[in-house]
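This is what each chain is made of:
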Amino acid sequence: MRAVADVTIVHTVNPSTVPGLTTVTRAEQNDRRHLFAAYPKIPGAGPLSRALASAVDGQVKPFVKATGRTRPQPGADIPELNVQWSLTAAAREIVGVRLVTSQFMGASGGVTRETLWYDGVAGMVRPAADLLDGRRGLNGMVRQVRSRIGTEANPGQVTPDPRTFSSIAFNEAGDMIVEFSDFSVAPGSAGRVAVAVPGGAYEPLLSAFGMRARDAALDTQPSLALGSPTASPTARSTAPRPLPRTDCTRAKCVALTFDDGPGPYTGRLLDLLADRRARATFFVVGDNAAAHPDLLRRAADEGHEIGNHTQDHRDLSRLPAMQVTSDIQLTEEVVRNATGRSPRLLRPPYGATNATVGAVAKSLGLAQVMWSVDPSDWRDRDARLVADRVVSASRPGSIVVLHDDHRTTVDAVPQIIKRLQAKGYTLATASDVLAARHPQPGGAYRNG
Ligand code: NI
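Just so you know, these numbers come straight off a predicted model, no measurement behind them.

Chemist: How do you make sense of the state of the cysteines when you look at a structure like this?
Modeler: Put plainly, a disulfide is one covalent bond tying together the sulfur atoms of two cysteines. Going through the model one piece at a time under the given rule, you end up with one disulfide. The partner cysteine of Cys248 in its disulfide is Cys253, sulfur to sulfur 2.2 Å. Disulfide Cys248-Cys253: torsion about the S-S bond near -90 degrees, hence left-handed. As far as the burial class goes, Cys248 and Cys253 line up, both buried.

Chemist: Looking at this structure, how should I read the packing of aromatic side chains?
Modeler: The description of an aromatic ring pair rests on the distance of the ring centres and on the angle between the ring planes. Under the definition given, this model contains four aromatic pairs. For the ring pair Trp117 and Phe170, a centre distance of 6.3 Å and an interplane angle of 75 degrees mean the geometry is edge-to-face. With Trp117 in strand E5 (residues 108–119) and Phe170 in strand E7 (residues 167–170), this pair connects stretches of sequence that are 53 residues apart. For the residue pair Trp117 and Phe170, the accessibility class agrees, reading buried in each case.

Chemist: Got a minute to help me understand the side chain of Ser207 in this structure?
Modeler: For Ser207, the location among the structural elements is in the loop between helix H3 (199–202) and helix H4 (208–217). Residue Ser207 is classed as buried on the basis of its relative accessible area, which comes to 11%. Contacts of Ser207, omitting those with residues within four sequence positions, involve Asp130, Leu131, Leu132 and Asp133.

Chemist: It is not clear to me how unusual backbone geometry should be interpreted in this structure. Could you clarify?
Modeler: In this chain, Gly261 is followed by Pro262 through a cis amide linkage whose omega measures 0 degrees. Topologically, Pro262 is positioned in the loop between strand E10 (253–259) and helix H5 (266–275). The backbone of Thr310 shows a phi angle near 75 degrees, a positive value even though the residue is not glycine. By the element assignment, Thr310 lies in the loop between strand E12 (305–308) and helix H8 (321–339).

Chemist: Looking at this model, I keep getting lost on the pattern of salt bridges. Mind explaining?
Modeler: Pairing is possible between side chains that carry opposite charge, provided their charged atoms lie close to one another. Summed over the entire model, instances satisfying the criterion amount to 29 salt bridges. For the salt bridge of Asp388 with Arg419, the shortest nitrogen-to-oxygen distance reads 2.8 Å. Note that Asp388 is positioned in helix H10 (residues 383–393) and Arg419 in helix H11 (residues 407–422), a separation of 31 residues in sequence. Overlapping salt bridges, with partners in common, bring together Asp119, Arg126, Asp130 and Arg212 in one network.

Thresholds, definitions, all that
Residues numbered from 1 in each chain as written. Predicted model: local features only at pLDDT ≥ 70, side-chain atom pairs only at ≥ 80, totals over all residues. Heavy atoms only, no water. Disulfide = S-S within 2.5 Å. Buried < 20%, exposed > 50% of the residue type's maximum accessible area, 1.4 Å probe, protein only. Phe/Tyr/Trp six-rings, centres within 6.5 Å; stacked < 30°, edge-to-face > 60°. Helix = DSSP H or I, 4+ residues; strand = E, 2+ residues; numbered from the N terminus. Contact = heavy atoms within 4.5 Å. Salt bridge = Lys/Arg side-chain N within 4 Å of Asp/Glu carboxyl O.

Such coordinate-based values are descriptive only and should not be taken to indicate function.
Written out as structure tokens, the structure reads:
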């Protein structure tokens, strides 16, 4: 159990302060596996984007291979891979990205922690161990860690192998945080093993790059200088008036819902919706939303609904109530800070829910919204196919699940709207479609 004031919590930078940062997601939602991986893409740091893509690939490919085509037994848990990211630094010419990969394979599983550092001066990605001054730095850090590590770990497994030191970052106070992947220095049951090494102890062990990384991470006015920052892809010069709510007891309504964003195509999607006077619902992932409060604000201003899709997109049905609560509350905070309003609707990732998730949703005043139309847009990246499936399956009160992190899905939207409007449908929010059912906190709803 982690204490409330855990000194090993890594200091992170608000991603919305980095000009032009976008997020890349890879997701699969089916009955063989649950997969969600996200990482940032930062203008001017091409080698970092490629290294992050390759690090995520290194987790995703073996998982997809291992889960293959076999379906778990009915009632058994579905294997899950989840990669979440945070910025450990984004200042001067330095970026740090921490990836935390949680893997669940039925009986076994564990968490991998890795922090990649980007040196914009050299245009090079460096592993965390490069913060230390070669062999001397590694040997010195082994001594520091062994003397501080908890009793759950085996100090003998802390060796001067750069791969063991896969994640090095800093906390708010300027201590160095050395953290390990599960099973690398302790039994898996120990959970996260991390130590905080104070400045006086680690400073003599830093490489020249390590000193620059430390100074960037602790910069109190972080400003990234990697050449030409691009403008955020969200802004539209004129703010359209918000569309009015629809009374779906009188109008024939369909709700388009967009999960897993916001992402690089969300700004264009908002343009398309505004041009066609269509409203939609965005079930946002908190990690992505934190990078794009401007997009959330714009969507809310234009009359769309923002729903909660949790902070990290974990399968909630396998998590304890406390973690379910914090995953939902963190995203609620991101949405409230951006729009001034809290979401009323929750979409559990993968639609995976149970009595615990229902009880937490109830306690937080959230109705759970599933879907009745799924064109599998994450799998079939074909705008025409996606549009055809949505239009042919839609009925009055349908709730359609889409993912705005795919370009092909956003490409399908003009067709979907045009053809549904031609059939007399109004594109409304999930809350409007569900209004006549008076959705209750904790309840789960598939359509209006
Ligand atoms: Ni999702």
